[in-house]
Amino acid sequence: MPDRRIGPLVALVRRAMVALGALVAAGLLVYVQRDAYRDSNGTPLGFVDALYYATVSLSTTGYGDIVPVTESARLWTILVITPLRVLFLIVLVGTTVELLTERSRQAFRVRSWRSRVRDHVVVVGFGTKGKAAVDTLLGDSDFAAVPERIVVVDTDRGRLDAASAMGLVTVRGDATQSSVLRTAGLVHASSLVVAVNRDDTAVLVTLTARELAPRITITAAVRETENVHLLRQSGADSVVVSAETAGRLLGVATTTPNVVAVVEDLLTPDAGMSLSEREVTESEIGGSPRHLRDIVLAVVRAGQVHQIDAPAVDALERGDRLLFVKRVGSPSPG
């Protein structure tokens, strides 16, 4: 779960310094008053003896071989050594207790998240493609309000830290293993985005996910066009060829760079225009998609996408969905 706190190493070093400071302070105090202490072997106290007494005193071991014999030394023990002992024990015991408490708290947060989260999105791979997919999802108001509905699965700790800093839930592990996908709550998710760097890994992740969640929507990215059919046979609903798509844009930009600028605008969810989807309203039923106020690109009917000039969708029906161009910030009809 996302948590913005200081690192455990920094916290441990800080507490170790506090404990060491208490030990050195007690040792110096005893060494300054070394004549007021008596060693059982009858030898005068040195600095090592003072540190030894401070160590056994602060740790409540108390062997009794070195003891204060004057009234002032015993008073300093009451007023200074005892508070330092309490501080030392707080640091020592508190670190252990907090570690156990933190683990219990984190486990409780994970159980609580699993019990209430539904219809979330699992993103496998938080590289360039995965991060861009997450940025697009966060452009949607539903995910922007509750970023914990996005779960990132990756094996790289640095990438997971970056995702956690964005408020996302992270799972460290190999997504080709069913146990890792179960930890990400895949069985209750609505969508899976496979954005790994290798096509064979994408196939394995898709196969594993489809076995765990037969009804989930799976979108996968591949580098080579020849692997598209493998992803579809593995159970992917949508396959994006990243290398080929980039190559097409490069080719278009060579002759018509303004077209690429418009495409980039459509694919950027937080500015200008964007591609969106909505259900037809009651007032639009029976009408033609070509005559609507929105710029409609296609009509989805019974799960099949039709171009707006297709005879089958010349008249809109209840339950149809429109793929249209929406200006960012403007409300959709209905």
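You'll find the structure just up there.
Model, not experiment: these values are computed from the prediction. (Residues numbered from 1 in each chain as written. Predicted model: local features only at pLDDT ≥ 70, side-chain atom pairs only at ≥ 80, totals over all residues. Heavy atoms only, no water.)

Engineer: Any chance you could break down the sheet that holds strand E10 (residues 295-301) for me, citing the residues and the numbers?
Structural biologist: Ordered in space as E9-E12-E10-E11, the 4 strands form an open sheet in which the pairing is antiparallel. For this open sheet the edge positions go to strand E9 (273-279) and strand E11 (304-307), each flanked by a neighbour on one side alone. The sheet shows a mean angle of 30° between the axes of neighbouring strands, direction not considered. Of the pairings in the sheet, the one linking E10 to strand E12 (residues 321-327) comprises 5 bridges and is antiparallel in character. From the neighbouring strand, Ala-298 faces E12, where its bridge partner is Leu-323. (Pairing = 2+ DSSP bridges. Helix = DSSP H or I, 4+ residues; strand = E, 2+ residues; numbered from the N terminus. Axes fitted to C-alpha atoms, helices over the stretch in contact; angles between N-to-C directions.)

Engineer: Any chance you could break down the packing of aromatic side chains for me, citing the residues and the numbers?
Structural biologist: Across all of its chains, the model carries 2 aromatic pairs by this definition. On the basis of an interplanar angle of 85° and a centroid distance of 5.5 Å, the ring pair of Tyr-31 and Phe-47 is categorised as edge-to-face. Of this pair, Tyr-31 sits in helix H1 (residues 8-32) while Phe-47 sits in helix H2 (residues 47-58), and the two are 16 residues apart along the sequence. By relative accessible area, Tyr-31 is classed as partly exposed at 30%. A relative accessible area of 36% means that Phe-47 is categorised as partly exposed. (Phe/Tyr/Trp six-rings, centres within 6.5 Å; stacked < 30°, edge-to-face > 60°. Buried < 20%, exposed > 50% of the residue type's maximum accessible area, 1.4 Å probe, protein only.)

Engineer: Quick rundown of the pattern of salt bridges? Include the residues and the values.
Structural biologist: The tally for this structure, following the rule as stated, stands at 12 salt bridges. A salt bridge links Arg-198 to Asp-200; its shortest N-O distance comes to 2.7 Å. By relative accessible area, Asp-200 is classed as partly exposed at 38%. For the salt bridge of Asp-294 with Arg-278, the shortest nitrogen-to-oxygen distance reads 3.0 Å. Here Asp-294, found in the loop between E9 and E10, pairs with Arg-278, found in strand E9; they are 16 residues apart in sequence, far enough to count as distant. (Salt bridge = Lys/Arg side-chain N within 4 Å of Asp/Glu carboxyl O.)

Engineer: Before we move on, could you go through the pairing of strand E5 (residues 169-172) and cite the residues and values that matter?
Structural biologist: Pairing between strand E4 (residues 150-154) and E5: 4 bridges, direction parallel. Paired with Asp-154 across the two strands is Arg-172, which belongs to E5. For the handedness criterion, the β-α-β arrangement of E4, helix H6 (residues 157-165) and E5 is classed as right-handed. (Right-handed = clockwise from strand over helix to strand, strands pointing away.)

Engineer: Before we move on, could you go through a nonpolar patch on the surface and cite the residues and values that matter?
Structural biologist: On the surface, Val-13, Met-17, Leu-20, Val-24, Leu-28 and Phe-47 cluster together into a nonpolar patch covering about 520 Å² of accessible area. The element contributing the most residues to the nonpolar patch is H1, with 5 residues. (Patch = residues over 30% accessible without salt bridge, like charges linked within 9 Å, V, L, I, M, F, W, Y side chains within 5 Å. Areas by Shrake-Rupley, 256 points an atom, 1.4 Å probe, with all protein chains shown as cover.)

Engineer: Before we move on, can you summarise the pairing of strand E8 (residues 238-241) with the specific residues and values?
Structural biologist: Burial along E8 is one-sided: the face carrying Val-239 and Val-241 is buried and the face carrying Ser-238 and Val-240 is not. In the sheet, strand E7 (residues 217-222) pairs with E8 via 4 bridges, with the strands oriented parallel. Within E8, the position partnered with Ala-220 by the bridge is Val-239. In terms of handedness, the path from E7 via helix H9 (residues 228-234) over to E8 forms a crossover that is right-handed.

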